[in-house]
Amino acid sequence: MIPIGEFNDTVRLAGAGNPAASSDPWAIDWLPLRMSGEDEPESEDEGGLAVEDAEAKPELKRPPLFKVVLLNDDYTPMEFVVEVLELFFKMNREQATQIMLTVHTQGRGVCGIYTRDIAETKSAQVNQYARDHQHPLLCEIEASED
């Protein structure tokens, strides 16, 4: 214990020089303290660590985006396609009907553009939901040019 008014410039750290270290997990050895403003001893080896500029920030790229595409078939009812669009893509009735008509007339329609994980999940959910309701509706993902 350091008496009040006396400054001690060492700290105890766990280590081999302390006989109590084997029985006391909190035992520590003595190590000199240095204030942050004090000069540290010069050495030829800097420890092999490189310090980056504090201002340097890593360059981040946006993740690649993927389109979730519904494919037309001759057996899935239009109302079911609208239901899928409302349920999984949070579209209102008008938006869902517009996409459904695009799928019906052009053979395919983009339901949304997402990151890969989200696009794969939505596609799998739609395909499973269609199978559960015995419809052959297919949903795929493809890379987006955006």
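Note that residues are indexed from 1 along each chain, following the sequence as it is written. Only residues with pLDDT of at least 70 are given local features in this predicted model, and only at 80 or more are side-chain atom pairs given and counted; all residues enter the totals for whole chains, interfaces and linings. Think of the side-chain values as coming from all heavy atoms in the structure, minus any hydrogens and water.

A look at the packing of helix α1 (residues 78–89) against helix α3 (residues 116–132)
- Between α1 and α3, the least distance of the axes is 11 Å, while the angle of their chain directions is 140 degrees. By the criterion of interaxial angle, the relationship of α1 to α3 is oblique. Where α1 crosses over α3, the handedness of that crossing is right-handed. Mapping the contact onto sequence places Phe80, Glu83, Val84, Leu87, Phe88 and Phe89 in α1 and Lys122, Gln125, Val126, Tyr129 and Ala130 in α3.
- All residues other than Ala, Val, Leu, Ile, Met, Phe, Trp, Tyr, Cys, Pro, Asp, Glu, Lys and Arg, Gly among them, are scored as polar; the first ten of these are nonpolar and the last four charged. Grouping the constituent residues of the contact of α1 with α3 by class yields eight nonpolar, one polar and two charged. Axis lines are fitted to C-alpha atoms, over the contacting stretch for helices. Their N-to-C directions set the angle, which ranges from 0 to 180 degrees. We count a stretch as a helix when DSSP gives it H or I for four or more residues in a row; a strand needs E for two or more, and each element gets its number in order from the N terminus. Roughly parallel means an angle under 35 degrees; roughly antiparallel means over 145; roughly perpendicular covers 65 to 115; every other angle is labelled oblique. Should the near helix be turned counterclockwise from the far one by less than a right angle, the crossing is left-handed, whereas a clockwise turn marks it as right-handed. A contact between two residues is defined here by any heavy atoms of the two lying within 4.5 Å.

Focus on the environment of arginine 108
- On the secondary structure map, arginine 108 appears in strand β4 (residues 108–115).
- Once the C-alpha coordinates of arginine 108 and leucine 138 are considered, the two residues, 30 residues apart in sequence, prove to be 9.9 Å apart.
- Setting aside residues up to four positions removed in sequence, arginine 108 forms contacts with Val69, Leu70, Leu71, Thr102, Val103 and Glu142.
- A polar side-chain atom of arginine 108 sits 2.5 Å from a polar atom in the side chain of glutamate 142. Under the rule applied, a polar contact is a pair of N or O atoms within 3.5 Å (in protein, one hydrogen donor and one hydrogen acceptor; residues adjacent in sequence only if both atoms are side-chain atoms).

Re the side chain of lysine 122
- Structurally, lysine 122 is set in helix α3.
- Despite its burial, lysine 122 pairs with no opposite charge, the nearest such side chain being glutamate 120 at 13 Å.
- In this structure the side chain of lysine 122 is engaged in a polar contact, spanning 2.7 Å, whose partner is the backbone oxygen of phenylalanine 88.
- When near neighbours in sequence (up to four residues on either side) are disregarded, lysine 122 contacts Phe88, Phe89 and Tyr114. Burial status follows relative accessibility: with a 1.4 Å probe on protein chains alone, a residue under 20% of its type maximum counts as buried, one over 50% as exposed, and anything between as partly exposed. Positive residues here are Lys and Arg, negative ones are Asp and Glu, while His and the chain termini are left out of the count. We count a salt bridge whenever a side-chain nitrogen from Lys or Arg sits within 4 Å of a carboxyl oxygen from Asp or Glu.

Here's the deal with a nonpolar patch on the surface
- Patch building starts from residues that exceed 30% relative accessible area and form no salt bridge, then joins like charges within 9 Å and nonpolar side chains (Val, Leu, Ile, Met, Phe, Trp, Tyr) within 5 Å. Surface exposure here means Shrake-Rupley accessible area, sampled with a 1.4 Å probe, where a residue is shielded only by the protein chains that are shown. Residues Leu65, Val110 and Ile113 make up a contiguous nonpolar surface patch of about 200 Å² in total accessible area.
- In this structure, leucine 65 sits in strand β3 (residues 65–71).
- Under the relative-accessibility criterion, leucine 65 is labelled partly exposed at 31%.

Points about the environment of proline 64
- For proline 64, the position within the fold is in the loop between β2 (29–32) and β3.
- The spatial distance from the C-alpha of proline 64 to the C-alpha of glutamate 145 is 9.0 Å, given a sequence separation of 81 residues.
- In this structure, proline 64 is in contact with Tyr114, Thr115 and Arg116, ignoring residues within four places of it in sequence.

Observations concerning the pattern of salt bridges
- Taken as a whole and judged by the stated rule, the model has five salt bridges.
- Arginine 93 is paired through a salt bridge with glutamate 86; the nearest N and O atoms lie 3.0 Å apart.
- Judged by its relative accessible area of 40%, arginine 93 is partly exposed.
- In this structure, the salt-bridge partner of glutamate 142 is arginine 108, at a minimum N-O distance of 2.5 Å. Linking glutamate 142 in strand β5 (residues 138–143) with arginine 108 in strand β4, this pair joins segments that are 34 residues apart in sequence.
- Taken together, the shared-partner salt bridges connect Glu79, Glu86 and Arg93 into one network.

A closer look at the pairing of β3
- When you tally the buried positions in β3, you get six out of seven residues, the bulk of the element.
- Note: β3 against β4, seven bridges, orientation antiparallel. Of the residues in β4, the one forming a bridge with valine 69 is valine 110. Here a strand pair is declared whenever DSSP counts at least two bridges between the two strands.

Everything listed is a geometric property; what it means functionally is a separate question.
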